[in-house]
Amino acid sequence: MTLAELENAKAQSLREIAAATDAAAVEALRVKYIGRNGSIPALIKAMKDVPKEERPAFGKAVQAWRAEAEGALAAKSSEAKCSPKTVETDLTLPGRWWKLGVKHPLSRIIEETAEIFARLGFTVADGPELENRFNNFTALNTPEHHPSQDRTDTFWFGDDCLLRTQTSPVQIRTMMANKPPIRVICPGRTFRRDTTDATHSANFHQIEGLYVDTKSVSLADLKSVLAYFAREMMGDGVTVRFRPHFFPFTEPSVEVDFTCHVCKGKGCGVCKQSGWIEVAGAGMVDPRVFGHVGYDAEKVSGYAFGFGAERIAMIKYGIPDIRWLYENDVRFLNQLG
Ligand SMILES: [Zn+2]
């Protein structure tokens, strides 16, 4: 081979390497040119046949070819590895769609409640799930001997730390940090040591409301607000009734029933023929609670109410078992979407 022929062969090899499009082609060219039986090693072996005076120039040219071919193959090989051309793409295939989920029924109840009360001037207040004894019990006028403070009823961590049993401590925090008037609802997760069955769960979501003002607030105000909520949440024709009850933090205290939204009060299987469904607890804030948060009970008055988000969801959507709300079974959740 003459020097000119060598230069031609070199140019040809570099053109072939530049045209390679995938890793297999690059490997084939590596074998063809610099592999053990490739063209370049063959030229080195044949060097002894080259006339002595031409040998240095010829040797130099062969080494240069080898270096250039190696460089080009290395560059091509790394390019082929990350080249999108190596992935078969069929542009006619349909795209991959994200499956749209639905909002969890509890989130919907909580959001809807916040929306309804927002129209009445209530804002949403939030607080921690881990509480102290004062916020969860003492400030709410619940004495230490009360059964709810017992270790069998509440999850305690030491003597002064517990998982809140209600969202009322958020009301205490709100009152301690603000002056009246106060209008808040406090939705959130609460915990009680309950055995889980169709209607009970050791964790559930409460929505509590509080209104405190320096002008006189009455039980009639409470009833009108809850009647508005009942109508907006459960539908036209649903109203409320109060039954006397006892809670440590309200005086007087009432249990709140909604008209059965299925039979509109006539009596049916859902309301056990009574026409009413028990929904919430409520009452006028006990003056001793105001004392605990530093309010003058002679100058302020207010009402508080609370209900379970699960209870409202079960009544509204006809869910017979509270556990369905926590099982994340998409067949159930999609039905409510
Ligand atoms: Zn009914």
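Quick caveat, the model's predicted, so the values are computed rather than measured.

### Considering the coordination of the zinc ion
Next, step 1: Those protein atoms acting as donors to the zinc ion are Cys260 (SG), Cys263 (SG), Cys268 (SG) and Cys271 (SG), and they sit at 2.2 to 2.3 Å.
Next, step 2: Relative to the metal, the four donor atoms surrounding the zinc ion lie at angles of 104 to 113°, and the coordination shape comes out tetrahedral.
Next, step 3: In the primary sequence, the donor residues of the zinc ion line up as C-x2-C-x4-C-x2-C. Of the two residues examined, Cys263 and Cys271, each falls in the buried class.

### Concerning helix H2 (residues 23–34)
Three or four residues apart is the spacing at which side chains of an α-helix point the same way, because the helix has 3.6 residues per turn.
Next, step 1: In a regular helix each residue adds 1.5 Å, so 12 residues correspond to 16 Å; H2 covers 16 Å between its end C-alpha atoms and thus fits that length.
Next, step 2: Among all positions of H2, only Val26, Leu29, Tyr33 and Ile34 are buried. For H2, the angular spread of buried residues about the axis comes to 85°, placing them on one side.
Next, step 3: Of the residues flanking the start of H2, the one acting as N-cap is Asp22, its side-chain oxygen 3.2 Å from the backbone nitrogen of Ala24.

### Some details on the nonpolar core
Next, step 1: In terms of nonpolar packing, the biggest core is built from 50 residues, with Val256, Phe258, Tyr303 and Phe305 touching the most fellow members.
Next, step 2: It is helix H8 (residues 219–234) that provides the largest number of residues to this core, a total of nine residues.
Next, step 3: Apart from the residues within four sequence positions on either side, Tyr303 is in contact with Phe122, Gly209, Leu210, Tyr211, Val217, Ser218, Asp221, Leu222, Val225, Gly283, Met284 and Val285.
Next, step 4: Core analysis: the second largest hydrophobic core is formed by 18 residues, Ala139, Val170, Val184 and Tyr295 among them.

About the cut-offs
Residues numbered from 1 in each chain as written. Predicted model: local features only at pLDDT ≥ 70, side-chain atom pairs only at ≥ 80, totals over all residues. Heavy atoms only, no water. Donors = N, O, S within 2.8 Å, 3.2 Å for Na, K, Ca; no water. Tetrahedral: all angles 85-135°; square planar, octahedral: opposite > 155°, others 65-115°. Buried < 20%, exposed > 50% of the residue type's maximum accessible area, 1.4 Å probe, protein only. Helix = DSSP H or I, 4+ residues; strand = E, 2+ residues; numbered from the N terminus. Expected span 1.5 Å × (residues − 1). Arc of directions from axis to C-beta. Polar contact = N/O pair within 3.5 Å; in protein donor to acceptor, adjacent residues only side chain to side chain. Core = buried A, V, L, I, M, F, W, Y, C linked by side-chain atoms within 4.5 Å. Contact = heavy atoms within 4.5 Å.

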